[in-house]
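Structural features, examined
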Amino acid sequence: EIQYLSNPSNFLKYIYDEYKEKIKLIVSGSSAFYIDRKFKDSLAGRKKIFNVYTLSFREFLRFKKEEVLSQKDFSALSLEEENKANLYFREFMIYGGYPKVVLSETIEEKRAALADIYQSFLEKDISILLNIQKTESVVALVRLLSSQVGNLVNVAELSNTLGISVQTVKEYLWYLEKTYIVRKVTPYFKNLRKEITKAPTYYFVDLGLRNYAANQFGSAAGSPDGFLFENFVFNSLKDHLYLTP
């Protein structure tokens, strides 16, 4: 969590300039917004930025020690391989791709791991970022988004439902993107003005976190909203495209 240093840019610049032939640093942080705010220097020419998301399904299989299956063409599996892949896929759709959750052995441990991630984010990260003591509105917003994955999001409706201003809703949504909880997808129009102003869609970066927020740990195929698989498809496309946060 490099952003917790008081002045990380000066520290990293010094290490690079003094020891660039001997030392290479890999630094990480969970909040793009907080990192941007803490870095007082762009470190241009001294850094490469990588966005690290939760595990894809193929990475999930490797964590499950199914290296051979992870490299298979999923459209050409044997019946035995297909049955095994379906069981793993169901687990992935329900509990997502956070490594700690994937490596947890029991359902209880997986739920506890997700609860810890979810609560730490809301109670610690968001309260620090927004400089607020009460996060009820943020929690409610995350739950609302989890219940309408893949649907168009009307900010005015969210504002009325939550009892907060439209501008506050927009700020919260922006923070949720910057902390890698959700991703916004704007509709495609040839007219750029329409693309910017029309209602967007939000997807969760991790399916497990979405299901925890929605309090849904049942069958992925039978999810009430029918958009969970769509969220999976979006995440799969994201893994093959360069999409900035």
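Definitions and cut-offs
Residues numbered from 1 in each chain as written. Predicted model: local features only at pLDDT ≥ 70, side-chain atom pairs only at ≥ 80, totals over all residues. Heavy atoms only, no water. Axes fitted to C-alpha atoms, helices over the stretch in contact; angles between N-to-C directions. Helix = DSSP H or I, 4+ residues; strand = E, 2+ residues; numbered from the N terminus. Parallel < 35°, antiparallel > 145°, perpendicular 65-115°, else oblique. Contact = heavy atoms within 4.5 Å. Nonpolar A, V, L, I, M, F, W, Y, C, P; charged D, E, K, R; others polar. pLDDT = per-residue confidence, 0-100. Core = buried A, V, L, I, M, F, W, Y, C linked by side-chain atoms within 4.5 Å. Buried < 20%, exposed > 50% of the residue type's maximum accessible area, 1.4 Å probe, protein only. Salt bridge = Lys/Arg side-chain N within 4 Å of Asp/Glu carboxyl O. Pairing = 2+ DSSP bridges. Expected span 1.5 Å × (residues − 1). Arc of directions from axis to C-beta. Phe/Tyr/Trp six-rings, centres within 6.5 Å; stacked < 30°, edge-to-face > 60°. Lys NZ or Arg CZ within 6 Å of the ring centre and 35° of its normal.

1. Here we look at the packing of helix H8 (residues 136-147) against helix H10 (residues 166-178)
For the pair H8 and H10, the least separation of the axes is 11 Å and the interaxial angle reads 70°. Considered as vectors, H8 and H10 are oriented roughly perpendicular to each other. Of H10, the residues touching H8 (which contributes Ser137, Val138, Leu141, Val142 and Leu145) are Val169, Tyr172, Leu173 and Leu176. When the residues that make up the contact of H8 with H10 are grouped by side-chain class, the tally is eight nonpolar, one polar and no charged.

2. Section: the confidence of the model for the protein chain
The predicted structure's coordinates, where accompanied by low pLDDT, should not be read in detail. On average, the protein chain scores 83 in pLDDT, and the residues at 70 or more come to 82%. In the model, residues 219-224 has pLDDT below 50 throughout and makes eight contacts with residues more than four positions away in sequence or in other chains.

3. Observations regarding the nonpolar core
In this structure, Leu141, Leu145 and Leu176 are the most contacted members of the largest nonpolar core, which totals 33 residues. With six residues, helix H7 (residues 107-130) is the largest single contributor of residues to this core. In contact with Leu145, other than residues within four places in its own chain, are Val153, Leu173, Leu176, Val182, Tyr202 and Phe204. One finds Phe57, Phe92, Leu228 and Phe232 within the second-largest nonpolar core, a separate group that totals 14 residues.

4. Regarding the pattern of salt bridges
In the structure shown here, the tally under the stated rule is five salt bridges. Residues Lys64 and Glu91 are paired through a salt bridge, measuring 2.8 Å at the closest nitrogen-oxygen approach. Of this pair, Lys64 sits in the loop between helix H3 (57-63) and helix H4 (67-70) while Glu91 sits in helix H5 (residues 79-95); the two residues are 27 residues apart in sequence, bridging distant segments of the chain. Two residues, Lys72 and Glu81, come together in a salt bridge whose shortest N-O distance is 3.1 Å. A relative accessible area of 29% means that Lys72 is categorised as partly exposed. Here the residues in one salt-bridge network are Lys64, Glu91 and Lys110, joined through shared partners.

5. What to know about the pairing of strand S2 (residues 201-204)
Burial along S2 is two-sided: Thr201 and Tyr203 and Tyr202 and Phe204, pointing in opposite directions, are all buried. Of the pairings in the sheet, the one linking strand S1 (residues 182-185) to S2 comprises four bridges and is antiparallel in character. Looking at the pairing, Lys184 lines up with Tyr202 of S2.

6. Overview of helix H13 (residues 228-240)
Helix length check: H13 (13 residues) gives 19 Å between terminal C-alpha atoms against 18 Å at 1.5 Å per residue, within 8%. Among the residues of H13, those classed as buried are Leu228, Asn231, Phe232, Phe234, Asn235 and Lys238. Looking down the long axis of H13, one finds its buried residues gathered within 160° of arc, a one-sided arrangement. Facing away from the buried side of H13, by more than 90 degrees, are the exposed residues Leu237 and His240. Looking at the buried positions of H13, the neighbouring elements they touch are H3, H5, S1, S2 and helix H12 (207-213).

7. Thoughts on H8
Taking 1.5 Å per residue, twelve residues should reach 16 Å; H8 reaches 17 Å between its end C-alpha atoms and fits that length. Residues of H8 that are buried include every one of Val138, Leu141, Val142, Leu145 and Ser146, and no others. Seen end-on, H8 carries its buried residues on one side only, within an arc spanning 135°.

8. Considering the packing of aromatic side chains
For the structure on display, the rule yields 15 aromatic pairs. Relative to Phe60, the ring of Phe57 has its centre 6.0 Å away and its plane inclined at 20°; by these criteria the two rings are stacked. Within this pair, Phe57 and its partner Phe60 are both found in helix H3, separated by three residues, close to a single helical turn. Among the residues examined, Phe57 registers a relative accessible area of 9% and is labelled buried. Between Phe89 and Phe229, the ring centres sit 6.3 Å apart and the planes meet at 75°, which makes this aromatic pair edge-to-face. One end of the pair, Phe89, is in helix H5; the other, Phe229, is in helix H13, with 140 residues separating them in the sequence. Pairwise contacts between aromatic rings join Phe57, Phe60, Phe74, Tyr88, Phe89, Phe92, Phe229 and Phe232 into one cluster. Positioned over the ring face of Phe74 is Arg58, at 4.0 Å from the centre of the ring.

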